[in-house]
Amino acid sequence: MNTLSILSAADLKKTFRVSSQGHSTRSLTALDQVSLRLEAGETLGIAGESGCGKSTLAKIMAGLLAPDSGTVCYKGTPLSELGRDEGIIFRLKTQMIFQDPFSSLNPRMRIGDSISEPFKIAGMAAPQQRIELERIMASVGLSLEAANRFPDEFSGGQRQRIGIARALAASPEILIADEPVSSLDISIQAQIINILLQMKCDFTLSMMIVSHNLLILRHICDRIIIMYLGAVVESGPAAKLFSRCRHPYTEALIAAIPGLHTTAAKSELLQDDLPSALSIPSGCRFHPRCRHAVDRCRHESPTLTDYSDGHSTACHLSNSLYG
Ligand SMILES: Nc1ncnc2c1ncn2[C@@H]1O[C@H](COP(=O)(O)OP(=O)(O)OP(=O)(O)O)[C@@H](O)[C@H]1O
Ligand code: SF4
Ligand SMILES: [Mg+2]
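Since the structure is predicted, the reported quantities are computational estimates derived from the model, not experimental observations. (Residues numbered from 1 in each chain as written. Chains lettered and ligands numbered in written order. Predicted model: local features only at pLDDT ≥ 70, side-chain atom pairs only at ≥ 80, totals over all residues. Heavy atoms only, no water.)

Another point: the site of ligand 1. Around ligand 1, the surrounding shell holds 15 residues, and the nearest of these are Ser50, Gly51, Lys54, Ser55 and Thr56. Note that an oxygen atom of ligand 1 is positioned 3.2 Å from one of the side-chain N or O atoms of His212. Relative to its unbound accessible surface of 640 Å², ligand 1 loses 67% to contact with the protein. Only strand 1 (7-19), strand 2 (25-38) and helix 1 (54-61) provide two or more residues apiece to the shell around ligand 1. With 3 residues, helix 1 is the largest single contributor of residues to the shell around ligand 1. Broken down by class, the residue content of the shell around ligand 1 amounts to 6 nonpolar, 7 polar and 2 charged. (Near = heavy atom within 4 Å. Polar contact = N/O pair within 3.5 Å; in protein donor to acceptor, adjacent residues only side chain to side chain. Areas by Shrake-Rupley, 256 points an atom, 1.4 Å probe, with all protein chains shown as cover. Helix = DSSP H or I, 4+ residues; strand = E, 2+ residues; numbered from the N terminus. Nonpolar A, V, L, I, M, F, W, Y, C, P; charged D, E, K, R; others polar.)

This part takes up the sheet that holds strand 4 (residues 69-74). The strand order across the open sheet built from 4 strands is 2-1-4-5, with neighbouring strands paired in antiparallel fashion. Both edges of this open sheet fall to strand 2 and strand 5 (77-78), since each of them pairs with a single strand only. Relative to strand 4, strand 1 is paired through 5 bridges, and the arrangement is antiparallel. From the neighbouring strand, Ser8 faces strand 4, where its bridge partner is Cys73. Contacting strand 1, strand 2 and strand 4, helix 1 crosses the sheet at an angle of about 125 degrees to strand 1. (Pairing = 2+ DSSP bridges. Contact = heavy atoms within 4.5 Å. Axes fitted to C-alpha atoms, helices over the stretch in contact; angles between N-to-C directions.)

With that out of the way, let us pick up the pattern of salt bridges. Two side chains with opposite charge may pair up if their charged atoms get near one another. Enumeration over the complete set of coordinates arrives at 16 salt bridges. Note that Arg166 and Glu117 form a salt bridge whose closest N and O atoms lie 3.5 Å from each other. Taken together, the positions of Arg166 in helix 5 (residues 156-169) and Glu117 in helix 3 (residues 111-121) put the pair 49 residues apart, joining distant regions of the chain. Judged by its relative accessible area of 30%, Glu117 is partly exposed. Among the ionic pairs, Arg298 bridges to Asp295, the shortest N-O distance being 3.9 Å. Residue Arg298 and its partner Asp295 are located together in helix 11 (residues 295-299), separated by 3 residues, close to a single helical turn. Look at the salt bridges and you will find they share partners, linking Lys13, Asp32 and Arg285 into a network. (Salt bridge = Lys/Arg side-chain N within 4 Å of Asp/Glu carboxyl O. Buried < 20%, exposed > 50% of the residue type's maximum accessible area, 1.4 Å probe, protein only.)

Attention now goes to the environment of Gly156. Along the chain, Gly156 turns up in helix 5. Look at Gly156 and you get partly exposed, because its relative accessible area is 38%. Along the chain, Gly156 and Ile280 lie 124 residues apart, while their C-alpha atoms are 33 Å from each other. Once residues within four sequence positions are removed from consideration, Gly156 is found in contact with Pro101 and Ser183.

Turning our attention to the packing of helix 3 against helix 5. Remark: helix 3 packs on helix 5, axes separated minimally by 7 Å, with the N-to-C direction vectors making an angle of 20 degrees. Considering the angle they form, helix 3 stands roughly parallel to helix 5. Crossing geometry of helix 3 relative to helix 5 is assigned as right-handed. The residues of helix 5 that touch helix 3, namely those facing Ile111, Ser114, Ile115, Glu117, Pro118 and Phe119, are Ile162, Ala165, Arg166 and Ala169. A class-by-class count of the residues in the contact of helix 3 with helix 5 yields 7 nonpolar, 1 polar and 2 charged. (Parallel < 35°, antiparallel > 145°, perpendicular 65-115°, else oblique. Left-handed = near helix turned anticlockwise from the far one by under 90°.)

Contacts to ligand 2 come from His247, Pro248, Cys284, Phe286, His287, Cys290, His292, Ala293, Cys297, Cys315, His316 and Leu317. Considering only residue class, the shell around ligand 2 consists of 8 nonpolar, 4 polar and no charged.

In this structure, Ile115, Met137, Ile192, Leu214, Ile224 and Ile226 are the most contacted members of the largest nonpolar core, which totals 59 residues. Sequence-distant contacts of Ile192, that is, excluding residues within four places in its chain, are made with Val140, Arg161, Ile164, Val181 and Leu184. Listed in part, the 28 residues of the second largest apolar core include Phe90, Met96, Val210 and Ile225. (Core = buried A, V, L, I, M, F, W, Y, C linked by side-chain atoms within 4.5 Å.)

Moving on: the sheet that holds strand 11 (residues 305-306). Reading across the sheet, the 8 strands line up as 6-7-8-3-9-10-12-11 and stay open at both edges, with mixed pairing between neighbours. Two strands lie at the open edges of the sheet, namely strand 6 (94-97) and strand 11, each paired on one side alone. Judged from the 4 bridges that link them, strand 3 (residues 43-47) and strand 8 (residues 206-210) form a sheet pairing that is parallel. Residue Thr43 lies in a different strand from strand 8, and its bridge partner there is Met207. Docked against the sheet, helix 1 engages strand 3, strand 6, strand 7 (174-178), strand 8 and strand 9 (223-228), running at close to 155 degrees with respect to strand 8. Sheet strands in contact with helix 9 (residues 248-255) are strand 9 and strand 10 (231-237), and its direction is about 105 degrees off that of strand 9.

What follows is the structure, encoded as structure tokens:
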């Protein structure tokens, strides 16, 4: 593990017990041996289809959910070994924007008070708090007049903006954003993305951004990790992933972006539906949907192999398919 990384994870595994037909319970593997690192000032994107483990990974990296095994380190120290003061610093400096912003807001607290909490903790004088509140709310397209209202008086998109304002008010060092713009109109999406990019420049923020939208990730991120059924299948510099991906799943995701590729439709590249996380296929977990699958793929799980420039992929045939 790179001890210089601001946040890193090694061999994370997370399973959930889920009821099956209302009686017995089964183990669902949400994350399987996931390792990653987030460098200071870097923006890392996490992509993959619904249910591949992105939110689970985001919550574990933010210290909000414990893995079954594996370690998350903050500046090289495992979260479980952080002292009391270091733990408080980690929680303050690591802010999360949730996929469902309603769950992160206290329904009985006026949103102005929710957003201002970090100002109060920092001992900021009341008039200054008001100025900062107005500035932060304006930056996400909310007027100060909304500060006196409660979370259930807002639309989903407005609540997402409140969640973002709340995270930004803490002047975080690390921002973990789970689908931060998916519920917003296109015009507001662009506004929020610009705010995140601006925050990144102004405060050397390190960001981990989960999104279904690969184009947004390409625009914002330095590196992108592609997940499939709980595992990392490819990771690399954002531009490289688009210009020269090395995994058939990444290729399929890129081909599915409307208007980007006209030569290959998604249906030509992705076979069948996503299998259930309750029964992950043997060998390469992508093999039932991969048009390149050979016998070896059905039995032997490919390991994540490094290529140049921090580009890595888990595919037995990567060299023969992509050179
Ligand atoms: N609390 C839970 N109990 C049981 N299963 C869970 C729980 N949380 C997540 N899962 C399961 O773990 C897997 C990964 O879920 P996760 O929410 O991390 O996926 P995701 O990639 O964020 O999906 P989406 O893009 O739809 O948000 C899924 O199969 C999901 O059903
Ligand atoms: S290992 Fe085989 S099945 Fe998996 S992505 Fe590569 S070619 Fe396809
Ligand atoms: Mg999710």
